[in-house]
Amino acid sequence: MATECSFDVVCKVDLDEVKNALAQAMKEIGQRYDFKGSVSKIELKDDKALVLTSDDEVKLKAVIDVLQTKLHKRGVSIRSMVYGKLEPAAKGSVRQEVTIQQGIPVEKAKGLIKAVKDAKIKVQASIQGDQLRVSGKSRDDLQEVIALFKKDDQGLDLQFTNYRG
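Residues numbered from 1 in each chain as written. Predicted model: local features only at pLDDT ≥ 70, side-chain atom pairs only at ≥ 80, totals over all residues. Heavy atoms only, no water.

Student: Can you break down the packing of helix α1 (residues 15–31) against helix α2 (residues 57–73) residue by residue, with the values?
Tutor: Contact geometry for α1 and α2: axes closest at 8 Å, N-to-C directions at 135°. As far as their axial angle goes, α2 and α1 are oblique. The hand of the α1/α2 crossing is right-handed. Touching Val18, Ala21, Leu22, Gln24, Ala25, Glu28 and Ile29 of α1 are Val63, Val66, Leu67, Lys70 and Leu71, all from α2. Considering only residue class, the contact of α1 with α2 consists of 9 nonpolar, 1 polar and 2 charged. (Axes fitted to C-alpha atoms, helices over the stretch in contact; angles between N-to-C directions. Helix = DSSP H or I, 4+ residues; strand = E, 2+ residues; numbered from the N terminus. Parallel < 35°, antiparallel > 145°, perpendicular 65-115°, else oblique. Left-handed = near helix turned anticlockwise from the far one by under 90°. Contact = heavy atoms within 4.5 Å. Nonpolar A, V, L, I, M, F, W, Y, C, P; charged D, E, K, R; others polar.)

So, in structure tokens, the structure goes:
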């Protein structure tokens, strides 16, 4: 049988779960004793980034810890969050922007394709927008590619969808 099998490699985050985790984190920050009287908060900015604000670097690290705990409990991968640099904000506070990774960046996709070619697996991998499509004649080859991507994922939270056999 010469049928073509394929699957898609994506990097997506459920924004509803992020919003729920954000609400839970803000509730915990409002109730915790060590945050009493502080300006600590987390804001969602245009569904692509979070802005974390706190009194100082130590409290900001505690805010990040609360946020990561809530994201993990909601099933959102912490690896899909890209942390920016710490910036000074108004009244001596600090701010940090956290970008939500949606889709596979082109340079990372090229790295994944190079890994497949270097492994000499008989499949074709192509970039389609912000995802990767891998196709080949053998299901075993596709499973080998999935195992390769799980081992070397280029620092991304990869999901394998749309499997066609």
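Student: Run through the side chain of serine 6, naming residues and quoting values.
Tutor: Of note, serine 6 is situated in strand β1 (residues 5–10). Sequence-distant contacts of serine 6, defined by excluding residues within four places in its chain, comprise Arg133, Val134, Ser135, Leu142, Asn162, Tyr163 and Arg164.

Student: Break down the pairing of β1 for me, with residues and values.
Tutor: Counting buried positions along β1 yields 6 of 6 residues, so the element is predominantly enclosed. Across the two faces of β1 the burial is the same, with Cys5, Phe7 and Val9 and Ser6, Asp8 and Val10 all buried. Looking at chain direction, β1 and strand β7 (residues 131–136) are connected through 5 bridges and run antiparallel. In the sheet register, valine 9 faces β7, and the bridge partner there is leucine 132. In this sheet, strand β8 (residues 159–164) lies alongside β1 in antiparallel orientation, the contact comprising 4 bridges. (Buried < 20%, exposed > 50% of the residue type's maximum accessible area, 1.4 Å probe, protein only. Pairing = 2+ DSSP bridges.)

Student: Quick rundown of the environment of leucine 60? Include the residues and the values.
Tutor: By secondary structure assignment, the location of leucine 60 is in helix α2. For the pair leucine 60 and serine 93, spaced 33 residues apart in sequence, the C-alpha to C-alpha distance is 9.4 Å.

Student: Describe the sheet that holds strand β2 (residues 41–45), with residues and values.
Tutor: Strand order in the open sheet formed by 4 strands is β2-β3-β5-β4, and the pairing between neighbours is antiparallel. A single partner strand is all that each edge strand has here, and the edge strands are β2 and β4 (81–88). Adjacent strand axes in the sheet meet at a mean angle of 20° when their direction is disregarded. For β2 and strand β3 (residues 49–54), the ladder comprises 5 bridges, and the chain directions are antiparallel. Note that in β3 the partner of glutamate 43 across the bridge is valine 51. Against the sheet, α1 makes contact with β2, β3, β4 and β5 (94–100), and its axis sits at roughly 160° relative to β2, the strand it touches most. Each of β2, β3, β4 and β5 is contacted by α2, which is oriented at about 140° to β3, the strand it contacts most.

Student: If you had to explain the sheet that holds β8 to someone new, which residues and values would you point to?
Tutor: Taken in spatial order, the 4 strands of this open sheet run β6-β7-β1-β8, and their pairing is antiparallel. Edge positions in the open sheet fall to β6 (123–128) and β8, since each of these has one partner strand only. Across the sheet, the mean angle separating the axes of adjacent strands is 20° when strand polarity is ignored. Its contacts with the sheet put helix α3 (residues 106–118) on β6 and β7, and the angle it makes with β6 is roughly 175°. Its contacts with the sheet place helix α4 (residues 139–151) against β1, β6, β7 and β8, and it is angled at close to 15° to β1.

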